[in-house]
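# Understanding the architecture of this molecule
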Amino acid sequence: MKISTRGRYALRFMIDLAQHNNGEYIALKDISERQEISIKYLEQITSLLSKFGLLLSVRGPQGGYKLAKKPSEYTVGEILRLTEGNLAPVSCLEAEENSCARKNICKTLFLWEGLSKVINDYLNGITLENLLDHITTPENLDYVI
């Protein structure tokens, strides 16, 4: 499994919204400048995140984006699954039901199922708030995702 730029940028975008949350909508231009991500790329990410209800948005000169929920209510797993798709380490685990013809005789299936569980449990156990807390502690002020 390799997380793409889209997944990494989506996390940076969401953390930026959480960091600068003052109840107002935040202009995409401001986030783009702070995160050094093109507006065009952020528009693709915001479209996807908005579609699934993770963001609130308003158009116009006073428009922008803000989180639809508290940072503690977003998991890294949720954000990455929306932007990356399934996080399964092997293709036979991507669907809800494993349809691999070899699943009953596969000697490594338990290994991949275990790895998938560890990945998903880990990512589902970390919230935006956890990332924000980690970034803003004095010893981590220079930390960048």
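In the block above lies the structure referred to throughout.
Basis of the calculations
Along each chain, the written sequence defines residue order, and numbers are assigned to residues from 1. Given that this is a predicted model, residues contribute local features only at a pLDDT of at least 70 and side-chain atom pairs are listed and counted only at 80 or more, while totals for whole chains, interfaces and linings are drawn from all residues. Note that water and hydrogens are dropped before the side-chain values are worked out from all heavy atoms of the structure. The rule is short: rings of Phe, Tyr and Trp, with Trp giving its six-membered ring, pair when the centres are within 6.5 Å, and they are stacked under 30 degrees, edge-to-face over 60, tilted in between. Numbering of helices and strands runs from the N terminus; a helix is a DSSP stretch of H or I covering at least four residues, while a strand is a stretch of E covering at least two. A simple rule labels every residue: compare its accessible area, found with a 1.4 Å probe on the protein chains alone, to the largest value its type can have, and call it buried under 20%, exposed over 50%, or partly exposed in between. To get an axis, a line is fitted to the C-alpha atoms, and for a helix only the part in contact is used. The angle between two axes follows their N-to-C directions and goes from 0 to 180 degrees. Relative orientations are named as follows: roughly parallel for angles under 35 degrees, roughly antiparallel for angles over 145 degrees, roughly perpendicular for angles from 65 to 115 degrees, and oblique for any other angle. By definition, any crossing whose near helix is turned counterclockwise from its far helix by less than a right angle is left-handed, and any crossing with a clockwise turn is right-handed. By definition in these notes, contact holds between two residues if any of their heavy atoms fall within 4.5 Å. Amino acids outside the nonpolar list (Ala, Val, Leu, Ile, Met, Phe, Trp, Tyr, Cys, Pro) and the charged list (Asp, Glu, Lys, Arg) are all regarded as polar, and Gly is one of them. This arc describes the spread of directions from the helix axis toward the C-beta atoms. For the purposes of these results, a polar contact is taken to be a pair of N or O atoms within 3.5 Å, where, inside protein, one atom must be able to donate a hydrogen and its partner to accept one; residues adjacent in sequence count only when each atom of the pair is a side-chain atom. The salt bridge definition used is simple: a Lys or Arg side-chain nitrogen within 4 Å of an Asp or Glu carboxyl oxygen.

### Here's the deal with the packing of aromatic side chains
Evaluation of the coordinates by the stated rule reveals 2 aromatic pairs. On the numbers, 6.2 Å between centres and 80° between planes, the contact of F13 with Y65 is edge-to-face. With F13 in helix 1 (residues 5-19) and Y65 in strand 2 (residues 64-67), the pair connects residues that are 52 residues apart, well separated along the chain. Relative accessible area serves as the criterion here: at 0%, F13 is assigned to the buried category. For Y65, a relative accessible area of 16% corresponds to the buried category.

### Concerning the packing of helix 1 against helix 4 (residues 76-84)
Between two packed helices, the angle of one axis relative to the other and the distance separating the axes together describe the packing. Orientation of helix 1 relative to helix 4, taken along the N-to-C sense of each, is 135°, at an axis distance of 9 Å. With respect to their mutual orientation, helix 1 and helix 4 come out oblique. As helix 1 packs across helix 4, the resulting crossing turns out to be right-handed. Contact with helix 1, carried on its side by R6, G7, A10, L11 and M14, involves V76, I79, L80, T83 and E84 of helix 4 and no other residues of that element. Each residue belonging to the contact of helix 1 with helix 4 can be placed in one class, and the counts come to 6 nonpolar, 2 polar and 2 charged.

### Looking at helix 4
Since the α-helix turns once every 3.6 residues, residues separated by three or four places project in the same direction. Listing the buried residues of helix 4 in full gives V76, G77, I79, L80 and T83. The arc that holds the buried residues of helix 4, viewed along the axis, is 165°, so those residues lie on one side. G85 occupies a position one or two residues after helix 4 and carries a positive phi of about 90°.

### A look at the side chain of T83
Mapped onto the fold, T83 is located in helix 4. For T83, the side chain forms a polar contact with the main-chain oxygen of I79, separated by 3.0 Å. In contact with T83, not counting residues within four places along its chain, are R6, G7, A10, L48 and L49.

### Details of the environment of G23
Looking at the element boundaries, G23 is found in the loop between helix 1 and helix 2 (28-35). Note: C-alpha distance between G23 and Q35 (12 residues apart in sequence) is 20 Å.

### Topic: the packing of helix 2 against helix 3 (residues 39-51)
Put simply, helix 2 and helix 3 touch, their axes get as near as 10 Å, and they point 115° apart. Seen along the crossing, helix 2 lies across helix 3 with a hand that is right-handed. Along the contact surface, helix 2 presents L28, K29, I31 and S32, while helix 3 presents I39, L42, E43 and T46. Class assignment for the residues of the contact of helix 2 with helix 3 results in 4 nonpolar, 2 polar and 2 charged.

### Quick notes on the pattern of salt bridges
Going through the model one piece at a time under the given rule, you end up with 6 salt bridges. Taking the shortest distance from any N to any O, the salt bridge between R34 and D16 comes out at 2.7 Å. With R34 in helix 2 and D16 in helix 1, the pair connects residues that are 18 residues apart, well separated along the chain. Residue R34 is classed as partly exposed on the basis of its relative accessible area of 38%. We note a salt bridge from E78 to K69, for which the minimum N-O separation is 3.5 Å. Residue K69 is classed as partly exposed on the basis of its relative accessible area of 30%.

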